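So you can see what is in the structure, the chains are spelled out below.
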Number of protein chains: 2
Amino acid sequence: MTADTAYCDWIAVDWGTSRLRAWAMAGVGLDARPKAEVSSEAGMSTLDRAGFEPALLDLVSPWLGAGQTEVVACGMVGSRQGWVEAPYRPVPAPPPSDPVIAPTSDPRIAVRVLPGLRQDNPPDVMRGEETQIAGFLATRPGFDGVLCLPGTHTKWAQISAGEVVSFRTFMTGELFALVSDHSLLRHTIGPGWDDAAFADALSDAIARPEAMAARLFALRAEGLLTGLAPSAARARASGLLVGAELAAARPYWLGNAVAVVGAPAQSKLYTTALRLQGLVPDEAPGDAMVLAGLAAAQAVLEPTP
Amino acid sequence: MTADTAYCDWIAVDWGTSRLRAWAMAGVGLDARPKAEVSSEAGMSTLDRAGFEPALLDLVSPWLGAGQTEVVACGMVGSRQGWVEAPYRPVPAPPPSDPVIAPTSDPRIAVRVLPGLRQDNPPDVMRGEETQIAGFLATRPGFDGVLCLPGTHTKWAQISAGEVVSFRTFMTGELFALVSDHSLLRHTIGPGWDDAAFADALSDAIARPEAMAARLFALRAEGLLTGLAPSAARARASGLLVGAELAAARPYWLGNAVAVVGAPAQSKLYTTALRLQGLVPDEAPGDAMVLAGLAAAQAVLEPTP
């Protein structure tokens, strides 16, 4: 490797609110493979518009050669507060399509940003997950069913004929973080886990999802009165929140092929919960799917002007 | 008033987690009236055990005379981390009863702390609200029905024959504060209010309480896509949370006489919500009820040893 020859064929970027990840990619399309990965805390929320190019170059410049290297990015980098706005595409739509060129001053990079998806009724948006969906569809052509994408804001997406037909976002992950770190329950919820407590709470919540705010307080009361274990409290709080989500998302998962796409720890919650409803969900790692989605988008790019 | 004669007949204290309030009281029982009120931020959570007596004296010493003045206190001051633990009494129980004497070094005060209530199944606790309930029952003898006590942790209590038979706590107020101040929705929720948006969201949530985590995210999406007004977002978030609570508390309010006891702003949410269900709730101010409850307890005190 010299300064004249680029280290990689192209660069894949997943740029979220709080984190920037980049991969040096070898090959294209289904053959694309990551050679190296770098990341930083230079998320969208820490940058103004002029800060994106330097933040990216700071991470990837060792990979660049004398010529121009193609960069394909997804996530909040395409939001109104991002590097360039890549407007949401309305569903139904095949994900992702029509990237937007980001303004750059360094001639060694040509950056394209993938748009997110929007739904008008009920109102909903996604940015980043559409690329994971594209990756899943690239590796499972012909999949018809439902994808569950766990995270801070978990998405359920109905897929048909290669398009996202409808989707729904649940703030479950963020509510769990708020409740366990910032509410009165922070004194009750501790580290560790209890599978049986998760299953019980999940079942309770699916049966009576409206009682969540009372069942959460009951964890505190049980902690005071009978010394509920902090690990059981954590699993029960999670089960209550995921259970309410499953009750509301029933039209998505009931009677459909379901796959869970995400980070292993979060995915496990949902695959466990779905198995307890009698389903046999497929699983795919979120990291690999976002790379596959970026590769699918890169493979069909027109050359930059 | 001289240093020899106390300014008041006794002192009423409501000592919560984050705030200390004290009233100089003239008269006893149903004739007791506040002459003066003082308050500070010296809540239970800011004090260690040795800090309670100085914090109280700091506020009330101008009211004391040469003799001993009786102080009756309720709230978190009686918790395990408080001045003295006044153990929870199990329901069914008449509220409040059997105060516990707090250790003091200043001979001018004799302090008694009222216990809270506990319920073993489902597990629940209250501290402070039992005194508001006692005040309500002192002013409405013979009341049979349900009290709703709105707050950070809203309580619903079933009252029969002068006793609290059962109760249930909902973290609704705390969830609203977390969601509006600390979640992604802090960018969507702003000041102001929209009565129609509250009523619509309330009705949606009573019909489908399980969808709360999705409907909350939809506020963010609608803010991005169609510019939902921050005041409407605030009222909708509140309506979604209160609606889910009403769905879960239906066994309490349906077919019963209901009274709402609390601070006017929070009480208004619940009286509005209950009226939309066809009820005609009674109302009583929380401040006056806690004073009436402390007065009822003071009236039956044995002299301190």
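Residues numbered from 1 in each chain as written. Chains lettered and ligands numbered in written order. Predicted model: local features only at pLDDT ≥ 70, side-chain atom pairs only at ≥ 80, totals over all residues. Heavy atoms only, no water.

(A) View of the overall build of chain A. Along its length, chain A carries 9 helices and 14 strands. Relative to the 2.2 N^0.38 estimate, which gives 19 Å for 305 residues, the radius of gyration of chain A is 21 Å and therefore close to what a compact globule would have. When the backbone C-alpha atoms are referred to their principal axes, chain A occupies close to 70 × 40 × 35 Å. The buried share among the 305 residues of chain A stands at 58%. Within chain A, contacts between residues separated by at least 24 positions form 66% of all contacts whose residues are at least 6 apart in sequence. Only carbon and sulfur atoms are counted for the fraction: they give 53% of the accessible area of chain A, which is about 12,000 Å². For chain A, the centre of its 23 positive side-chain charges and the centre of its 32 negative side-chain charges are spaced 5 Å apart. (Helix = DSSP H or I, 4+ residues; strand = E, 2+ residues; numbered from the N terminus. Rg over C-alpha atoms; globule rule 2.2 N^0.38 Å. Buried < 20%, exposed > 50% of the residue type's maximum accessible area, 1.4 Å probe, protein only. Contact = heavy atoms within 4.5 Å. Areas by Shrake-Rupley, 256 points an atom, 1.4 Å probe, with all protein chains shown as cover. Lys, Arg positive; Asp, Glu negative; His and termini not counted. Charge placed at Lys NZ, Arg CZ, Asp CG, Glu CD.)

(B) The arrangement of the interface of chain B and chain A in detail. Residue-level contacts link 41 residues of chain B with 41 residues of chain A. Together chain B and chain A conceal approximately 3,500 Å² of surface at their shared face, both sides included; 72% is due to carbon and sulfur atoms. Contact with chain A buries surface across chain B, with B:Met171, B:Phe217 and B:Leu225 losing the most and accounting together for 19% of the total. For the interface between chain B and chain A, the tally reads 0 salt bridges. Taken together, the links from chain B to chain A amount to 8 residue pairs in polar contact (both at pLDDT 80 or more). Listing elements by their share of the side of chain B that touches chain A, those giving two or more residues are β8 (117–119), β9 (124–126), β12 (163–170), α3 (172–182), α5 (212–226) and α6 (230–248) of chain B. It is α5(B) that contributes the most residues to the side of chain B that touches chain A, 11 residues altogether. Broken down by class, the residue content of the side of chain B that touches chain A amounts to 24 nonpolar, 6 polar and 11 charged. (Buried area = accessible area lost by both parts, 1.4 Å probe. Salt bridge = Lys/Arg side-chain N within 4 Å of Asp/Glu carboxyl O. Polar contact = N/O pair within 3.5 Å; in protein donor to acceptor, adjacent residues only side chain to side chain. Nonpolar A, V, L, I, M, F, W, Y, C, P; charged D, E, K, R; others polar.)

(C) Fine view of the pattern of salt bridges. Applying the stated criterion across every chain yields a total of 22 salt bridges over all chains. B:Arg108 is the partner of B:Asp106 in a salt bridge, and the nearest nitrogen-oxygen pair spans 3.0 Å. The structure contains a network of salt bridges with shared partners spanning A:Arg21, A:Glu37 and A:Asp287.

(D) Broad picture of the sheet that holds strand β12 (residues 163–170) of chain A. Residues and elements named next belong to chain A. One open sheet accounts for 5 strands, arranged β12-β11-β10-β13-β14; its pairing is mixed. Both edges of this open sheet fall to β12 and β14 (282–285), since each of them pairs with a single strand only. Taking the axes of each pair of neighbouring strands and ignoring which way they run, one obtains an average angle of 20° across the sheet. Pairing of strand β11 (residues 154–160) with β12 involves 7 bridges; the strand directions are antiparallel. Bridge pairing links Ser-160 to Glu-163 in β12. (Pairing = 2+ DSSP bridges. Axes fitted to C-alpha atoms, helices over the stretch in contact; angles between N-to-C directions.)

(E) Local environment of empty space enclosed by the protein. What the rule picks out here adds up to 2 cavities of 30 Å³ or more. Taken as a whole, the largest cavity encloses approximately 140 Å³ of empty space. Residue lining of the largest cavity: 16 residues in total, with A:Pro209, A:Met212, B:Pro209, B:Met212 and B:Ala244 positioned closest to the centre. Those elements giving two or more residues to the lining of the largest cavity turn out to be α3 (172–182), α5 (212–226) and α6 (230–248) of chain A together with α5 and α6 of chain B. In terms of residues, the lining of the largest cavity owes the most to one element, α6(B), which gives 3 residues. Of the volumes computed, that of the second largest cavity is approximately 80 Å³. Surrounding the second largest cavity, A:Met76, A:Ser79, A:Arg80, A:Gln81, A:Glu85, A:Tyr88, A:Arg127, B:Arg220 and B:Leu224 form its lining. For the lining of the second largest cavity, a count of residues per class yields 3 nonpolar, 2 polar and 4 charged. (1 Å grid on protein atoms, 1.4 Å probe; cavity = no way out; pocket = protein on both sides within 12 Å on 5 of 7 lines; lining within 4 Å. Points joined across faces, edges and corners; volume = space filled by probe spheres on them.)

(F) Focus on unusual backbone geometry. All names here are of chain A. Of note, the bond from Val-91 into Pro-92 is cis; its omega dihedral lies within 30 degrees of zero at 0°. Mapped onto the elements of the fold, Pro-92 is located in the loop between β5 (89–90) and β6 (100–101). Even without being a glycine, Ala-161 presents a positive backbone phi close to 50°. Summarising the element assignment, Ala-161 is placed in the loop between β11 and β12. Under the relative-accessibility criterion, Ala-161 is labelled exposed at 67%.

(G) Focus on the packing of α5(B) against α6(B). All names here are of chain B. At their nearest, the axes of α5 and α6 sit 10 Å apart, and the two run at 175° to each other. With respect to α6, the element α5 is oriented roughly antiparallel. Where α5 approaches α6, its residues Met-212, Arg-215, Leu-216, Leu-219 and Glu-222 are matched on the opposing element by Ala-233, Arg-236, Ala-237, Leu-240 and Leu-241. (Parallel < 35°, antiparallel > 145°, perpendicular 65-115°, else oblique.)

(H) Representation of the packing of aromatic side chains within the structure. All names here are of chain A. Taken as a whole and assessed by the stated rule, the structure comprises 14 aromatic pairs over all chains. With centroids separated by 5.9 Å and ring planes inclined at 75°, the aromatic side chains of Trp-15 and Trp-83 adopt a geometry described as edge-to-face. With Trp-15 in strand β1 (residues 10–15) and Trp-83 in the loop between β4 (69–74) and β5, this residue pair connects regions lying 68 residues apart in the sequence. As far as the burial class goes, Trp-15 and Trp-83 line up, both buried. One cation-aromatic arrangement involves Lys-35 over Tyr-7; the distance from NZ or CZ to the ring centre is 3.9 Å. Positioned over the ring face of Tyr-88 is Arg-127, at 4.2 Å from the centre of the ring. (Phe/Tyr/Trp six-rings, centres within 6.5 Å; stacked < 30°, edge-to-face > 60°. Lys NZ or Arg CZ within 6 Å of the ring centre and 35° of its normal.)

(I) Expanded view of the relation of the copies chain B and chain A. Taken as rigid bodies, chain B and chain A are interconverted by a rotation of 180° and an axial shift of 0.0 Å, the fit giving an RMSD of 0.0 Å. Each copy turns onto its partner about a two-fold axis. Residues of chain B ranked by C-alpha distance from the rotation axis are headed by B:Glu210, positioned 2.9 Å from it. A high fraction, 100%, of the interface residues of chain B reappear at the interface in chain A, so the copies pair face to face through one surface. (Least-squares fit on C-alpha atoms with pLDDT ≥ 70 in both.)

(J) View of helix α1 (residues 52–60) of chain B. Here α1(B) lies mainly inside the structure; 7 of its 9 residues are buried. Next to the buried residues of α1(B) lie β1 (10–15), β2 (20–26), β3 (33–40), β4 (69–74) and β7 (109–113) of chain B.

(K) Spatial organisation of the sheet that holds strand β2 (residues 20–26) of chain A. Residue and element names in this part refer to chain A. Taken together, the 6 strands give an open sheet; going across it, the order is β3-β2-β1-β4-β7-β6, and neighbouring strands pair in mixed fashion. Each of the sheet's edge strands pairs with one partner strand only, and the pair in question is β3 (33–40) and β6. Alignment of β6 against strand β7 (residues 109–113), held across 2 bridges, turns out to be antiparallel. By the bridge assignment for β7, Ile-101 is matched with Arg-112.

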